[in-house]
Amino acid sequence: MLSNQRRRSASLLPLLTVALLAMATQLPGANAAAVMSVDLGTEWMKVGVVSPGVPMEIALNRESKRKTPAILAFRDNIRTFGEDAQTIGIREPSAAYGYLLDLLGKTIDNPVVDLYRKRFPYYTIVGDKERNTVVFKKSDTEEFSVEELIAQMLVKAKEYAQESTQQQIAECVLTVPGYFGQAEREALLVAAQLANLKVLQLINDYAAVALNYGVFHRGEINETAQYFLFYDMGAYKTSAAVVSYQLVKDKQTKETNPVVQVLGVGYDRTLGGLEIQLRLRDYLAAEFNALKKTKTDVTTSPRALAKLFKEAGRLKNVLSANNDHYAQIENLLEDHDFKLQVTREKLEELCADIWPRATKPLEDALATSNLSLDVINQVILFGGGTRVPRVQETIKQLIKQELGKNLNADESATMGAVYKAADLSTGFKVKKFIVKDAVVFPLQVTFERDPGDGAAVKQVKRALFASMNPYPQKKVITFNKHTDDFEFFVNYGDLERFSAEEVATIGSLNVTRVQLQRVKELMDSVKSDIVENKGIKAYFYMDDSGIFRCTGVEYVYDKQKVEEELDEDSTLSKLGSTISKLFAKEAEKAANGDANGDAPTTEQEAGEEATNSKNEESAKPSGDDAAATAAPIDGKQDAKNETIKLVTIKSPVAHKTDLRFTAPLSGANYDASQSKLTGINRVEEERVRLESSFNALESHIIEIQQKLEEKPYADCATPEEKEKLLSECSTLAEWLYEDVENPKAEMYENKLAALKKLSNVFLARHWEHEERPDATKALRGMIDGAEKFLTTAQNLTKEANPEKDVFTQVEIDTLVKVIDETHTWLKTESAAQKKLSRSADVRLTVKDITDKMSLLDREVKYLVNKIKIWKPKVKPDKEKKPKETESVPAGGEEEVPLASGSGDDAAAAASEAQAEAPNTGKKPATGEGEPEVTATPDVDGKTPHGEL
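Residues numbered from 1 in each chain as written. Predicted model: local features only at pLDDT ≥ 70, side-chain atom pairs only at ≥ 80, totals over all residues. Heavy atoms only, no water.

Enquirer: So what exactly am I meant to see when it comes to the overall build of the chain here?
Expert: Check the secondary structure of the chain and you find 22 helices and 30 strands. Within the span of the chain, comprising 948 residues, buried residues form 46% of the whole. A fraction of 73% describes how many contacts in the chain between residues 6 or more apart in sequence connect residues 24 or more apart. With an accessible surface of roughly 48500 Å², the chain has 49% of that area assigned to carbon and sulfur atoms. (Helix = DSSP H or I, 4+ residues; strand = E, 2+ residues; numbered from the N terminus. Buried < 20%, exposed > 50% of the residue type's maximum accessible area, 1.4 Å probe, protein only. Contact = heavy atoms within 4.5 Å. Areas by Shrake-Rupley, 256 points an atom, 1.4 Å probe, with all protein chains shown as cover.)

Enquirer: Could you clarify how one ought to interpret the sheet that holds strand β8 (residues 125-127) in this entry?
Expert: Pairing between the strands of a sheet comes from backbone hydrogen bonds, and it takes one of two forms, parallel or antiparallel. Spatially, β8-β9-β10 is the arrangement adopted by the three strands of the open sheet, whose pairing is antiparallel. In this open sheet, the two edge strands, each paired with only one partner strand, are β8 and β10 (143-145). Strand-to-strand twist in this sheet, taken as the mean axis angle between neighbours without regard to direction, amounts to 35 degrees. As paired strands, β8 and strand β9 (residues 134-137) are joined by three bridges and run antiparallel to one another. Looking across to β9, one finds that V126 is bridged to V135. Against the sheet, helix α4 (residues 146-165) makes contact with β9 and β10, and its axis sits at roughly 80 degrees relative to β10, the strand it touches most. (Pairing = 2+ DSSP bridges. Axes fitted to C-alpha atoms, helices over the stretch in contact; angles between N-to-C directions.)

Enquirer: Mind showing me how you'd approach the packing of aromatic side chains here?
Expert: We describe a pair of aromatic rings using the distance from one ring centre to the other and the angle between the two ring planes. Using the criterion set out here, one finds 37 aromatic pairs in the structure. Ring centres of Y116 and Y123 lie 5.9 Å apart, and the angle between their planes is 20 degrees; on these two criteria the pair is classed as stacked. In this pair, the class of Y116 matches that of Y123, namely buried. Seen in terms of ring centroids, F447 and F479 are 5.2 Å apart; in terms of plane orientation they differ by 85 degrees. Their pairing is edge-to-face. Taken together, the residues F447 in strand β20 (residues 443-449) and F479 in strand β23 (residues 473-479) connect sequence positions 32 residues apart. A residue is classified by how much of its surface remains accessible, and F479, at 2% relative accessible area, is buried. (Phe/Tyr/Trp six-rings, centres within 6.5 Å; stacked < 30°, edge-to-face > 60°.)

Enquirer: Would you explain the nonpolar core in this entry?
Expert: Across soluble globular proteins, you tend to see nonpolar side chains buried next to one another. If you look at the biggest cluster of nonpolar residues, it comprises 144 residues, and the most contacted ones within it are L100, F136, F230, F488 and F540. Per-element accounting of this core gives the leading share, ten residues, to α4. Core analysis: the second largest hydrophobic core is formed by 41 residues, A285, I329, W355 and V391 among them. (Core = buried A, V, L, I, M, F, W, Y, C linked by side-chain atoms within 4.5 Å.)

Enquirer: Is there a simple way to explain the pattern of salt bridges in this structure?
Expert: When charged atoms on two side chains of opposite charge get close, those side chains can pair. By the definition in use, this model includes 50 salt bridges. A salt bridge links K520 to D524, with the shortest nitrogen-to-oxygen separation between them at 3.3 Å. A residue pair is termed a helical-turn pair when its members lie 3 or 4 positions apart in one helix, as K520 and D524 do in helix α14 (residues 519-525) at four residues. Among the residues examined, D524 registers a relative accessible area of 42% and is labelled partly exposed. One salt bridge in this structure joins E691 and R687, with 3.2 Å as the shortest N-O distance. Here E691 pairs with R687, and both are found in helix α16 (residues 667-707), just four residues apart, close to one helical turn. On the basis of relative accessibility, which here comes to 39%, the residue E691 falls in the partly exposed class. Within the structure, one salt-bridge network assembled from shared partners comprises R62, R79, K156, E159, E163, E684, R687 and E691. (Salt bridge = Lys/Arg side-chain N within 4 Å of Asp/Glu carboxyl O.)

Enquirer: How do you make sense of helix α6 (residues 205-215) when you look at a structure like this?
Expert: Think of an α-helix as 3.6 residues a turn; residues three or four steps apart then line up on the same face. The element α6 is extensively covered by neighbouring structure, given that eleven of its eleven residues are classed as buried. Within α6, the full set of buried residues consists of D205, Y206, A207, A208, V209, A210, L211, N212, Y213, G214 and V215.

Enquirer: Is there a simple way to think about the side chain of T662 in this case?
Expert: Looking at the element boundaries, T662 is found in the loop between β30 (655-659) and α16. A relative accessible area of 15% means that T662 is categorised as buried. One polar contact links the side chain of T662 to the main-chain carbonyl oxygen of G105, over a distance of 3.3 Å. Residues contacting T662, with those up to four places away along its chain left out, are G105, T107, R131, T133 and A183. (Polar contact = N/O pair within 3.5 Å; in protein donor to acceptor, adjacent residues only side chain to side chain.)

Enquirer: Can you walk me through the pairing of strand β15 (residues 256-268) in this structure?
Expert: For a regular strand, the rule is simple: side chains alternate between the two faces of the sheet. Summarising burial for β15: ten of the 13 residues are buried, a large majority. Here twelve bridges tie strand β14 (residues 238-249) to β15, and the two strands are oriented antiparallel to one another. Within β15, the residue paired with L247 across the bridge is P258. Following β14, the chain reverses through six residues before pairing antiparallel with β15; K254 in that reversal takes a positive phi of roughly 65 degrees.

Enquirer: I keep staring at a negative patch on the surface and nothing clicks. Help me out?
Expert: A cluster of like negative charges, contributed by E330, E334, D335 and D337, occupies part of the molecular surface. Structurally, D335 is set in the loop between β16 (324-333) and β17 (336-343). (Patch = residues over 30% accessible without salt bridge, like charges linked within 9 Å, V, L, I, M, F, W, Y side chains within 5 Å. Lys, Arg positive; Asp, Glu negative; His and termini not counted. Charge placed at Lys NZ, Arg CZ, Asp CG, Glu CD.)

Enquirer: Sorry if this is basic, but what is going on with the environment of R689 here?
Expert: Within the secondary structure, R689 is located in helix α16. Each C-alpha atom, one on R689 and one on A745, is 6.2 Å from the other, the two residues being 56 residues apart in sequence. Look past the residues within four positions of R689 in its chain and what remains in contact with it is A745, E746 and E749. A distance of 3.5 Å separates polar atoms of two side chains, one belonging to R689 and the other to E746.

Enquirer: What am I meant to see in the packing of α16 against helix α18 (residues 719-736) here?
Expert: Working note: a packed helix pair is described by the angle between its axes plus the distance between those axes. Here α16 crosses α18 at 145 degrees, and the two axes come no closer than 10 Å. Relative to α18, the crossing made by α16 is left-handed. Note on element contacts: α18 touches α16 through L725, C729, S730, L732, A733, W735 and L736, opposite F694, L697, E698, I701, I704 and Q705. Residue composition of the contact of α16 with α18, by class: ten nonpolar, two polar and one charged. (Left-handed = near helix turned anticlockwise from the far one by under 90°. Nonpolar A, V, L, I, M, F, W, Y, C, P; charged D, E, K, R; others polar.)

Enquirer: Where do I start with the sheet that holds strand β25 (residues 510-516) in this structure?
Expert: Spatially, five strands are ordered β21-β20-β24-β25-β30 in an open sheet, and the strand pairing comes out antiparallel. Among the strands making up the open sheet, the edge pair consists of β21 (458-465) and β30. This sheet shows a mean twist of 20 degrees between the axes of neighbouring strands, independent of strand direction.

Enquirer: I'm lost on the packing of α4 against helix α5 (residues 182-194) in this one. Help?
Expert: For the pair α4 and α5, the least separation of the axes is 8 Å and the interaxial angle reads 55 degrees. For the element pair α4 / α5, the angle class is oblique. Between α4 and α5 lies a crossing whose hand is right-handed. Judged by residue contacts, E147, E148, I150, A151 and L154 of α4 engage A187, L188, A191, A192 and L194 from α5. Its residues assigned to classes, the contact of α4 with α5 comprises eight nonpolar, no polar and two charged. (Parallel < 35°, antiparallel > 145°, perpendicular 65-115°, else oblique.)

Enquirer: What am I meant to see in the environment of T296 here?
Expert: Looking at the secondary structure, you find T296 in the loop between α7 (273-291) and α8 (302-319). Overall, T296 belongs to the partly exposed group, its relative accessible area being 29%. Spatially, the C-alpha atoms of T296 and L333 are 8.4 Å apart, while their sequence positions differ by 37 residues. For T296, the contacting residues outside a window of four places in its chain are N289, L333 and E334.

Enquirer: Help me understand helix α20 (residues 809-834), please; the structure alone is not making it clear to me.
Expert: Here α20 spans 38 Å end to end across 26 residues, near enough to the 38 Å set by a 1.5 Å rise per residue. For α20, the set of buried residues is E811, I812, L815, V818, I819, T822, W825, L826, E829, S830, A832 and Q833. Tucked inside the fold, the buried residues of α20 contact α19 (745-794) and α21 (846-869). (Expected span 1.5 Å × (residues − 1).)

Enquirer: Mind showing me how you'd approach unusual backbone geometry here?
Expert: Leave glycine aside and you will find that most residues have negative phi; peptide bonds, for their part, are mostly trans. Of the consecutive residues Y471 and P472, the connecting peptide bond is found in the cis state with omega at 10 degrees. One can find P472 in the loop between β22 (470-471) and β23. Of note, the phi angle at S64 is positive, near 60 degrees, even though the residue is not glycine. Considering the arrangement of structural elements, one finds S64 in the loop between β3 (54-58) and β4 (68-69).

Below, the structure written as structure tokens:
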């Protein structure tokens, strides 16, 4: 399994080289910690990771699998996840919790909750006392909110990621269904917070898949828009999204980057592989009841129903590749087994009403994008449900083209999300790939306006974020007819394209209420300064996660400001006059535009954040050019010319914002949930530690008993040591399996430490005897290499070769001494060690041998380094022949040639000798593969260190 993982990683590396500019490059000031993504589906959970020096990869779970069932269970005060939780779910269905994602942010009376109860009747679901949200009641004393359960899954995901990267992880990107509204997104953020995770972004699953596809097809993107449709059928829902890929130049940074933009979305939140599985489950139950093996209805037994559900899931997967298969369940009910042959044709008959629904999300996505199928380059499938043959056939009949299956149906969203995580993290730098998602549920502003003259108060609605508006995006709305306190609402609006059932599942259609306070007081306080009233501006922002916020409210007006006029002849004066006239015309246009507007206007902020600072000033003259000329104030003529200018003032308006949708977990309830999860995590940590310490002690006892029966190990222990160890192991084994009251991990850890102290004596001797031959062989090889080098070095002394006096006699004698002493020591100690028994204390240790190797290695490398930096002495050539005379450089200095070949011969000799010396295993410190040593001057001491 691990080899498969390595192969996958190796195959991914070439692609990542293209996709990532500098993945895992540590940026200045960044901690470069690993980050993760979690594709938390309703049935499966996949975790993506990226860490410094390691490409993007899927984190494996404890079973070395790439995806984990999104289910957890509580039984006998033990919490389990994944496949273990599934096993418990068959024995005790009400103790295992799965398919939770769509319950986030839902009140107890939501149609989605009613459907969940119908599908899984063995749960006890009650409403939260304060928020009326879903709570699973396990017993009279135990209950869990959806946020708490999902938080625990995210904790487990973080564990898998940390085990994969061997680093702490605190940041993540989470995928969500595109139809998640404000309540669901806020609830998921709370769950992540309970798991001590910082969410860098929530990304819609189809946007993550589109990003993943674009990253690995970057070279195919150009200035011309290319359109793709991504179709996903998962376990719980089906969705489709039309996206465009295009290279776009940013007006501010002037950079050209690829952009993927979502243009259209369609979905069916109740159509997925789960619905097919439930149809099969109910069919199997009906067939078993028809056999009349028992009077009990199988659907009334939660355990039997859970067994049928599991078998239906297996059967569904097999029938995707085979025409028929047998459903087999042992002891389904009252000791009766069940076996039934099911054909693919029967499955398709059971789901006859499902297949037409499969194309509806695709059609809706095209409709909202205002594009037709003929401009779509390809329809690409992802999600496990798309493996069902009938689903693929139905889509093919509609689009009349081959389906794209070049994405990993299970992991594409996870990998796209982890790329986004690396992009958002401060520790990594990736090639920029911009994602622009789109609003699924439009938002509008609603407020009341009194027209005066005794007329009835009117309710006004204005679109804020329309359907398929891109985000992240900022918006501004201006209220120019209100002079007293008022309130406005932000609600879901323009939902005509959704069915009544779908609108009901959204929950509360009210999103936010904003109450403006002390408006009249604020206006009265600045009444004397006002020249022109610009109205009250409310600022809104929808961030990358699709979370909506009212970021501020300001009262904006123009007032006069007197400034000294510059010299009329100066350049700045002329420039100021031109700008003043220009702004005067713009102000006049703005004034005319607001003259008839008694309703708010909506503006899009062009990349600039809405300003909330107090008394911000921007130069704006009045609508008349004459206002920009000098004029006396209070009838007095100043010595200097003065200019009257209009400045825009923005004063914050006190306001209160209330969320109108299902409130996220907060306050005392949040603290209680966090305390509960902390306690559960602590108990699990103690349990895991207890199990680990018990297993470690048990394993070590068995290991020692086995090794003492093997002659190579047994010979390394004296009879007394062996008897004592076997006695201790026997005593510990008996104690280990006794019923210990309230066992603690420390008990087993202390026993293990004491046993290791005894056993390490003979284990260390065995290791010495096993490793000594290789160490001795390496030392002998190093001695041989040093002797060969010595032969060469002796010919490079002043006495042996005056022209190549690289080494002094003292250096040669030192090397001879070290070689002789090492050789003698090894011979003496080896002989002495051979006389000792294997159970005696070791005399010649591996450490002693490596110490001698280090000493000899140091002496040889000193001389090798010296020959590298040695330069022959330059002899003055008094009788130069004309043909050998070199031209004098322009700088006036004469180039002096080196003695021909002298340095090369010496270096070649040293290199040859060094090549014969054994490799010590140390990493070279220089770029040429040579060891790093301190440069030493030559014999005469004339070569400065700077030249070395």
